[in-house]
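Observations on the three-dimensional arrangement
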Amino acid sequence: MRANCWMGVHRVEVRDVPDPKILNDGDAIVRVTSTAICGSDLHLFDGYIPTMEKGDVLGHEFMGEVVEVGKGVTRVEVGDRVVVPFPIACGSCLACHRELYSLCENSNPNAGMAEKAWGSSAAGIFGYSHMAGGYAGGQAEYVRVPFADVGPIVIEDDSLSDEQVLFLSDIFPTGYMGAELCDIQPADTVAVWGAGPVGQFAAASAALLGAGQVVVIDRFPYRLRTAAEHAGAQTLNYEEVDVREALRELTAGRGPDACIDAVGMEAHHGSGPIHAYDKVKQGLRMETERPHALRQAITSCRNGGTVSIMGVYGGMVDKFPLGSLMNRSLTIKTGQCHVQRYMRPLLQRIQSGEIDPTFVITHRMPLSEAAQGYDIFRHKQDDCMKVVLNA
Amino acid sequence: MGSARPGNPTTSEGGAQATTADPRGSDGRRGGGERLAKGLAWFSIGLGVPQVLAPGRMNRLIGVDDSRQNRAVMRAMGVRELAGAPGILDRPRPSGFLFARVAGDALDLALLGAALRAKGSARARVAAAAAAVAGVTVLDVIASAKTSRSADPTTGERAVRAHGAITVNRPPDEVYRFWRDVENLPRFMAHLESVHGQEDLRSHWVARAPAGRTVEWDAEVVEDVPGELIAWRSLDGAEVPNSGTVRLAPAPRGGATEVRVDVEHQPPLGAVGAAAARLFGEDPVQQIKDDLRRFKQVIETGEVVRSDGSPDGTRTQRQLHQRHAQPLA
Ligand SMILES: NC(=O)c1ccc[n+]([C@@H]2O[C@H](COP(=O)([O-])OP(=O)(O)OC[C@H]3O[C@@H](n4cnc5c(N)ncnc54)[C@H](O)[C@@H]3O)[C@@H](O)[C@H]2O)c1
Ligand SMILES: [Zn+2]
Ligand SMILES: [Zn+2]
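These numbers were taken from a predicted model, which means no experiment stands behind them.

Let us look at the overall build of chain B. Of regular secondary structure, chain B possesses 11 helices and eight strands. Counting only residues that meet the buried cut, chain B has 52% of its 329 residues in that class. Pairs at least 24 apart in sequence give 57% of the contacts found in chain B among residues at least 6 apart. Carbon together with sulfur atoms contributes 54% to the accessible area of chain B, which is approximately 14700 Å² in total.

Here's what the structure looks like:
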């Protein structure tokens, strides 16, 4: 089959690889119909997530048709149309029982690697490095899906297009969880750093969950426009205004009740010296993150407020405003999304017409053009927000 | 790691610790650790010098803009890199300095893959690090763990002991029954080929040894408290005398079980001893951790969990030599 493979930093290539096979009784093989490129894939593309191997098949946002099931599978059948959540979860461990699916204790065969870096491991993830299990991803014609009875959600309603449900695999639940973790009260102000797809869904979800005011921060006007249109957000371009001052003005000096980081480890900084400092340190692997957005989210948050970190970080950070966090009684909430927990309720919101996730899609192309998709998305060319690949 | 004492069980989930009382073994390790440490020191110098003298070229190498300001940052980091090196080179056993280095660097993930892959001599590892320019820190960690383990002042008997603990989401009775049926053990203990129960308390064990050889022995259950404890021991005449105990206790959360395992073996002298050491895992801590992880997978999900990169499931050796994450041909 054809699959999009990581071939080194800034290099992906659609190549011939073997077809996937059933390895465990609980597996299904899915013929991928639609798959997407995520901001998380850019961290791999740019070489900031360790333990990638040349040839690894990428992709953790995908859906398609079940074409084969292992002998232990009972809840999905050949022919079912399924959306697959990006964290791989067994459904039987203590974490899964607590619905903390991205912390599944059994799905990462390489947990030992993650333990070295993080103390304990988290769940396996499709197409997301060997530290996250070494699973081939879904930017491919076919993909092996472990624990098929636990993760995939069957879409029975044929009137829903792929594009309407594809993002249940990651970014819609991720944005939603980012907002849910903020425990939003009516009239709360929620500020979201990053107007990428995750930030868009975080902002839209904050509005759905009753925030009084949603503020979205980025530097790309086209992305900020989308946030204004679809989440009714106020927008701040951090290259034009002092974000902290602007947020204080919007909240009459208090600061936002909740701040969501939807940027992650490759944040950009308007001010040269600080960006240079972090970029050199990150380049030399002396810190693994460029945490500009997170620093600003922490220092902007109101006293006693919540900072929800949805952007992905990998290792160690420098110049972290711990004093601000501690002395001002902030709460940090974070995690890889527990996608399985949100798929059904969010599918209902899509079916009821409360939200149409297709608004983030700007580019559609065949899988064979994945490399170009990565390039356009990475450079935010052509007003790119989200690339969907059709296999 | 490496500060383990016998009879001091760890209580953390999935924790494990080992004791080695074999002075030869630790000497061998110290050699490697020290060479690695010295190599790292030279690497520090190797990295620091160009950072200080040619910051522009270093900037281009790592892909940042070569501005005046970036050069200043780069130069400052070079000074820091150089400052760490003499501490390592000065010392016969540079553990402390290495830990200082680790602390200063901030754990680097980026090289984890490369550091794990480069298995050969210390020099090869350092070369791999130099080639990557990045991620010296993980090497630092590896070197720290090795040198301090060899510095462990254990004397006396030569037994190798390891302890591990894990929490599984199954009731103690079920865990007990699973473990008591010794034929289940090879499903999660990677070095075992088969275990056959004979009469009530006896069993015959076959383990895989290097070079396609197998080692066999008979064992018996010496203690058996349903739902709480099973202890076994090889019978007289075993090439590698060994024993083990598994203790079970209800976990604080409903229905789950805390599993604590102690195993011990007496490596014989000479070449057989070396082979036996490998048979029982070069790193008994890693091995018991892996075994417990697989045990958890099997009892909770029914199978050892496989991925494309680790098609045989959890196994530290496999983690060092990953297949790429592409479907198996
Ligand atoms: N936690 C999870 O489960 C999960 C799931 C999916 C994605 N993610 C992460 O979410 C993050 C965003 O993903 P995405 O797909 O939206 O990516 P994206 O690259 O499209 O969006 C990131 C946005 O952040 C903006 N940005 C950069 N620096 C900024 C700063 N200092 N202040 C404000 N905005 C800034 C960029 O301009 C960009 O628009 C990534 O880190 C991704 O890995 C996390
Ligand atoms: Zn994603
Ligand atoms: Zn699980």
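Residue and element names in this part refer to chain A. Surrounding the zinc ion (ligand 3) are the protein donor atoms Cys90 (SG), Cys93 (SG), Cys96 (SG) and Cys104 (SG), at 2.3 to 2.5 Å. Classification of the site at the zinc ion (ligand 3) as tetrahedral follows from its four donor atoms and the range of 100 to 117° in their angles at the metal. Sequence positions of the residues that donate to the zinc ion (ligand 3) give the spacing C-x2-C-x2-C-x7-C. Residue cysteine 90 shares its accessibility class with cysteine 96, and that shared class is buried.

Further remarks concern the sheet that holds strand β16 (residues 331-334) of chain A. Residue and element names in this part refer to chain A. The strand order across the open sheet formed by six strands is β13-β12-β11-β14-β15-β16, and the pairing between neighbours is parallel. Two strands in the sheet have a free side with no partner beyond their single neighbour: β13 (234-237) and β16. Strand-to-strand twist across the sheet, computed as the mean angle between neighbouring axes with direction ignored, equals 20°. In this sheet, strand β15 (residues 306-309) lies alongside strand β14 (residues 258-261) in parallel orientation, the contact comprising four bridges. The residue bridging alanine 258 from the neighbouring strand is threonine 306, located in β15. The sheet contacts of helix α8 (residues 243-250) involve β11 (189-193), β12 (213-218) and β13, and relative to β12 the element is tilted by about 170°.

Residue and element names in this part refer to chain A. The phi dihedral of lysine 380 is positive, around 50°, even though this residue is not glycine. As for its placement among the helices and strands, lysine 380 is situated in the loop between α13 (370-378) and β18 (387-390). Even without being glycine, aspartate 383 reaches a positive phi, approximately 50°. With respect to the secondary-structure elements, aspartate 383 resides in the loop between α13 and β18.

Residue and element names in this part refer to chain A. Taken together, the three strands give an open sheet; going across it, the order is β2-β1-β4, and neighbouring strands pair in antiparallel fashion. Each edge of the open sheet carries a strand with a single partner, namely β2 (11-16) and β4 (56-57). The sheet contact formed by strand β1 (residues 2-8) and β4 spans two bridges and is antiparallel. Bridged to tryptophan 6 within β4 is aspartate 56.

The next thing to look at is the domain arrangement of chain A. Residue and element names in this part refer to chain A. Segmentation of chain A into domains returns domain 1 (2-170 + 337-390) and domain 2 (172-334). Together domain 1 and domain 2 conceal approximately 2700 Å² of surface at their shared face, both sides included; 68% is due to carbon and sulfur atoms. For domain 1, the biggest contributors to the area lost against domain 2 are Tyr48, Phe359 and Met385; these three give 27% of the whole. On inspection of domain 1 and its partner domain 2, the count reaches one salt bridge. In this structure, arginine 341 and glutamate 180 form a salt bridge, with 3.9 Å as the shortest nitrogen-oxygen distance.

Residues and elements named next belong to chain A. Across the two faces of β14 the burial is the same, with Ala258 and Ile260 and Cys259 and Asp261 all buried. Examined bridge by bridge, β11 and β14 share four bridges and lie parallel to one another. Paired with alanine 191 across the bridge in β14 is cysteine 259.

A word on the packing of aromatic side chains. Residue and element names in this part refer to chain A. Counting across every chain of the model gives 15 aromatic pairs over all chains. Ring centres of phenylalanine 62 and phenylalanine 126 lie 5.1 Å apart, and the angle between their planes is 85°; on these two criteria the pair is classed as edge-to-face. With phenylalanine 62 in strand β5 (residues 61-69) and phenylalanine 126 in the loop between β8 (124-125) and β9 (142-145), the pair connects residues that are 64 residues apart, well separated along the chain. The same class applies to phenylalanine 62 and to phenylalanine 126, which are both buried.

Turning our eyes to something else, we now look at the coordination of the zinc ion (ligand 2). Residue and element names in this part refer to chain A. Coordination of the zinc ion (ligand 2) by the protein is provided by Cys38 (SG), His60 (NE2), Glu61 (OE) and Asp170 (OD), with metal-donor distances spanning 1.8 to 2.3 Å. The coordination sphere of the zinc ion (ligand 2) comprises four donor atoms, whose angles at the metal cover 87 to 133°; the geometry is tetrahedral. Mapping the donors of the zinc ion (ligand 2) onto the primary sequence gives the spacing C-x21-H-E-x108-D. Taken together, the positions of cysteine 38 in the loop between β3 (28-37) and α1 (39-45) and aspartate 170 in the loop between α4 (162-165) and α5 (171-180) put the pair 132 residues apart, joining distant regions of the chain. Here cysteine 38 and aspartate 170 have matching classes, each one buried.

Attention now moves to the site of ligand 1. Residues and elements named next belong to chain A. Taken together, 30 residues sit near ligand 1, with Ser40, His43, Asp218, His268 and Cys337 positioned nearest. Within the side chain of histidine 43, one N or O atom sits 2.8 Å away from an oxygen atom of ligand 1. One of the backbone N or O atoms of valine 263 is found 3.0 Å from an oxygen atom in ligand 1. Relative to its unbound accessible surface of 870 Å², ligand 1 loses 95% to contact with the protein. Considered class by class, the residues forming the shell around ligand 1 number 15 nonpolar, 11 polar and four charged.

The next point concerns the nonpolar core. Among the nonpolar cores identified, the biggest contains 78 residues, and A:Phe167, A:Leu168 and A:Val216 are the most heavily contacted of them. Here this core spans two domains, and each of domain 1 (2-170 + 337-390) and domain 2 (172-334) of chain A adds at least three residues to it. Contacts of A:Phe167, omitting those with residues within four sequence positions, involve A:Ala36, A:Phe172, A:Pro173, A:Phe201, A:Pro357, A:Val360, A:Ile361, A:Lys386 and A:Val388. Core analysis: the second largest hydrophobic core is formed by 33 residues, B:Leu185, B:Ala207, B:Ala209 and B:Val298 among them.

Bringing the packing of helix α8 (residues 172-180) of chain B against helix α10 (residues 284-301) of chain B into the picture now. Residues and elements named next belong to chain B. Running from N to C, α8 and α10 point in directions that differ by 115°, and their axes come no closer than 12 Å. Between α8 and α10, the angle falls in the class roughly perpendicular. Here the hand of the crossing between α8 and α10 comes out right-handed. The residues of α10 that touch α8, namely those facing Glu174, Val175, Phe178 and Trp179, are Leu292, Phe295, Val298 and Ile299. The residue makeup of the contact of α8 with α10, split by class, is seven nonpolar, no polar and one charged.

Here we come to a nonpolar patch on the surface. The grouping of A:Val317, A:Phe320, A:Leu322 and A:Ile332 at the surface amounts to a nonpolar patch, some 300 Å² of accessible area in total. Note on placement: A:Leu322 falls in helix α11 (residues 322-327).

Okay, helix α3 (residues 111-118) of chain A next. Residues and elements named next belong to chain A. Within α3, six of the eight residues are buried, which leaves the element mostly enclosed by the surrounding structure. Among the residues of α3, Ala111, Gly112, Met113, Ala114, Glu115 and Ala117 are the ones counted as buried. Two residues or fewer after α3 comes glycine 119, characterised by a positive phi angle close to 95°.

For any part of a model where pLDDT is low, the fine detail of the predicted coordinates should not be relied upon. Residues and elements named next belong to chain B. In the predicted model, chain B carries a mean pLDDT of 66, and the fraction of residues at 70 or more is 46%. With pLDDT under 50 throughout, residues 1-14 is counted as low confidence; its partners more than four residues away or in other chains account for 30 contacts. Below pLDDT 50 for its whole length, residues 20-33 participates in 19 contacts with residues either more than four positions away or in separate chains. For this predicted complex, the interface confidence comes out at an ipTM of 0.90, alongside a pTM of 0.81.

Scoring rules and cut-offs
- Residues numbered from 1 in each chain as written.
- Chains lettered and ligands numbered in written order.
- Predicted model: local features only at pLDDT ≥ 70, side-chain atom pairs only at ≥ 80, totals over all residues.
- Heavy atoms only, no water.
- Helix = DSSP H or I, 4+ residues; strand = E, 2+ residues; numbered from the N terminus.
- Buried < 20%, exposed > 50% of the residue type's maximum accessible area, 1.4 Å probe, protein only.
- Contact = heavy atoms within 4.5 Å.
- Areas by Shrake-Rupley, 256 points an atom, 1.4 Å probe, with all protein chains shown as cover.
- Donors = N, O, S within 2.8 Å, 3.2 Å for Na, K, Ca; no water.
- Tetrahedral: all angles 85-135°; square planar, octahedral: opposite > 155°, others 65-115°.
- Pairing = 2+ DSSP bridges.
- Axes fitted to C-alpha atoms, helices over the stretch in contact; angles between N-to-C directions.
- Domains from an automatic or database assignment.
- Buried area = accessible area lost by both parts, 1.4 Å probe.
- Salt bridge = Lys/Arg side-chain N within 4 Å of Asp/Glu carboxyl O.
- Phe/Tyr/Trp six-rings, centres within 6.5 Å; stacked < 30°, edge-to-face > 60°.
- Near = heavy atom within 4 Å.
- Polar contact = N/O pair within 3.5 Å; in protein donor to acceptor, adjacent residues only side chain to side chain.
- Nonpolar A, V, L, I, M, F, W, Y, C, P; charged D, E, K, R; others polar.
- Core = buried A, V, L, I, M, F, W, Y, C linked by side-chain atoms within 4.5 Å.
- Parallel < 35°, antiparallel > 145°, perpendicular 65-115°, else oblique.
- Left-handed = near helix turned anticlockwise from the far one by under 90°.
- Patch = residues over 30% accessible without salt bridge, like charges linked within 9 Å, V, L, I, M, F, W, Y side chains within 5 Å.
- pLDDT = per-residue confidence, 0-100.

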